[in-house]
Amino acid sequence: MALVLHAGNTNKNAFKALIAAEYTGVNVELVKDFEMGVSNKTAEFLKMNPIGKVPVLETPDGPVFESNAIARYVTRLRDANPLFGSSLIEYALIEQWIDFASLEIDANILRWFVPRLGFALYLPPAEEAAISALKRALGALNTHLASNTYLVGHSVTLADIVMTCNLVLGFSRIMTKSFTSEFPHVERYFWTMVNQPNFRKVLGEVKQAESVPPVQSAKKPSQPKETAKSEAKSKPVKEATKDVEKVPSKPKEEVAGGEEGEAPKSKPKNPLDLLPPSKMILDEWKRLYSNTKTKFREVAIKGFWDMYDPEGYSLWFCDYKYNEENTVSFVTLNKVGGFLQRMDLARKYAFGKMLVIGSEPPFKVKGLWLFRGKSIPQFVLDECYDMELYEWKKVDILDEVQKERVNQMIEDHEPFEGEALLDAKCFK
């Protein structure tokens, strides 16, 4: 009986056994037409793994599940396999790095990535903790690789296979060049490994992620229409957003590595696209802002007020609620940068300026936002969790003091309200 691996052909956990098989000289066949969420729910599959997780390896002696165990099984099919090292200490170090790859690298990549796809509740503090833990792990790995080509010894071992497969998800889906550049030895190691012939045969061409995926809403269980309607009627509506319809969550994609997704659905129309046409063309304002290099107030600020349409757009001030916590400059800047990154879902409907104020801690964070419509869009409040960390106040454009404050925030006026600017960021 041939070894049959039950998993999708993009499952990074299945790649571990397939690459190990290439080095070991063992034939492992990937089952054809495997469909996550269907194939792994059949009675036949559940006999092999009662909880329905993938991958599962079908062997002459019975099934094996858990990807690292499967990779170990395939490796042990060859006596004295160099993938397990050449001594007891090398074997121990290989096991050490397999555990490290699973518990410190893979776990933290998933804690960062999965909530962004909506398969788990997204919480900014949890994401910050995951990124911090991942950076700590990558820092340790980077230090080790500064003086080592491979994790153990002088050739590829099973530890390199498991580590690389776990890193593939990070590099290809969420760890951009700006993120990984802090770990140059990890970068060198990863690109060396994925271009080894046996790796490339299984992985194909690997490309690095160009951007971090935007946050999507967490998946909710389906419910009968009548129940959903009755709940919607009884649900209170926030005062600041009472005029705005809620936008249904975007359909979720399947998570690489075996997470289960829903069938794609047609994308619903955003209510903001159904508003009456506005005389203000947002892209024209963004171009004017970007292209004005001199006489900014005379050209860009004047142009903004000439374009502004209070019937089609609204202006909002925001103030961070917890400025006393902003005691470290780079942490504060990263906090603002993360907020802007998570606002990417509103890029078609918004323009924003975020100021980090003060020459010494605690730093103040204040912002100005232009939104399509007369209220803050409901889908932004629903899907960008940072919104609740700020106090929001609608700008009264008939108040000259508030209007001048808008002007100063757009042009990064310094000093701003009597204080120096640490940084000014633009969302456009």
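Below is a short write-up of the structure. (Residues numbered from 1 in each chain as written. Predicted model: local features only at pLDDT ≥ 70, side-chain atom pairs only at ≥ 80, totals over all residues. Heavy atoms only, no water.)

**Looking at the packing of aromatic side chains**
In total, this model carries 27 aromatic pairs according to the counting rule given. Aromatic pair Y23 and F199: ring centres 6.0 Å apart, planes at 75°, arrangement edge-to-face. Placement of Y23 in helix α1 (residues 12-24) and of F199 in helix α9 (residues 197-203) is noted, with a sequence separation of 176 residues between them. For Y23, a relative accessible area of 21% puts it in the partly exposed group. (Phe/Tyr/Trp six-rings, centres within 6.5 Å; stacked < 30°, edge-to-face > 60°. Helix = DSSP H or I, 4+ residues; strand = E, 2+ residues; numbered from the N terminus. Buried < 20%, exposed > 50% of the residue type's maximum accessible area, 1.4 Å probe, protein only.)

**As for the sheet that holds strand β7 (residues 364-372)**
The 5 strands lie next to each other as β8-β5-β7-β6-β9, forming an open sheet whose pairing is antiparallel. The open sheet terminates on both sides in strands that have one partner only, identified here as β8 (390-394) and β9 (421-427). Pairs of neighbouring strands in the sheet enclose a mean axial angle of 15°, with direction left out of account. Examined bridge by bridge, strand β6 (residues 350-357) and β9 share 6 bridges and lie antiparallel to one another. Within β9, the position partnered with I357 by the bridge is L421. Contacts from helix α11 (residues 282-291) reach β5 (313-320), β6, β7 and β9 within the one sheet, and its direction differs from that of β6 by about 40°. (Pairing = 2+ DSSP bridges. Axes fitted to C-alpha atoms, helices over the stretch in contact; angles between N-to-C directions. Contact = heavy atoms within 4.5 Å.)

**Digging into the environment of V56**
Within the fold, V56 resides in strand β3 (residues 56-59). By relative accessible area, which is 0% here, V56 ends up buried. In this structure the C-alpha to C-alpha distance between V56 and F45, which are 11 residues apart in sequence, comes to 8.6 Å. Setting aside residues up to four positions removed in sequence, V56 forms contacts with V4, L5, H6, F45, M48, N49, P63, V64, F65 and I70.

**A word on a nonpolar patch on the surface**
A cluster of nonpolar side chains, V328, F330 and V331, forms an exposed patch at the surface whose accessible area comes to about 250 Å². Note that F330 resides in helix α13 (residues 329-342). (Patch = residues over 30% accessible without salt bridge, like charges linked within 9 Å, V, L, I, M, F, W, Y side chains within 5 Å. Areas by Shrake-Rupley, 256 points an atom, 1.4 Å probe, with all protein chains shown as cover. Salt bridge = Lys/Arg side-chain N within 4 Å of Asp/Glu carboxyl O.)

**Let's talk about the side chain of R405**
Mapping R405 onto the fold places it in helix α15 (residues 400-410). Its relative accessible area of 17% is what places R405 among the buried residues. Polar side-chain contacts of R405 include one of 2.6 Å to the side chain of E417. (Polar contact = N/O pair within 3.5 Å; in protein donor to acceptor, adjacent residues only side chain to side chain.)

**Regarding α11**
Listing the buried residues of α11 in full gives L282, W285, K286 and Y289. Summarising the axial view, the buried residues of α11 lie within an arc of 100°, below the 170-degree limit, and thus occupy one face. Taken together, the buried residues of α11 touch α12 (296-307), β5, β6, β7, α15 and β9. (Arc of directions from axis to C-beta.)

**Let's talk about the packing of helix α4 (residues 88-116) against helix α5 (residues 124-145)**
Taken N-terminus to C-terminus, the directions of α4 and α5 make an angle of 145°; their axes are 9 Å apart at the nearest point. In this structure, α4 crosses over α5, and the sense of that crossing is left-handed. Between α4 and α5, the contacting residues are W97, F100, E104, I105, N108, I109, R111, W112 and R116 on the first element and A126, E127, A129, A130, I131, A133, L134, A137, L138, A140, L141 and H144 on the second. For the contact of α4 with α5, the class distribution of residues is 15 nonpolar, 2 polar and 4 charged. (Left-handed = near helix turned anticlockwise from the far one by under 90°. Nonpolar A, V, L, I, M, F, W, Y, C, P; charged D, E, K, R; others polar.)

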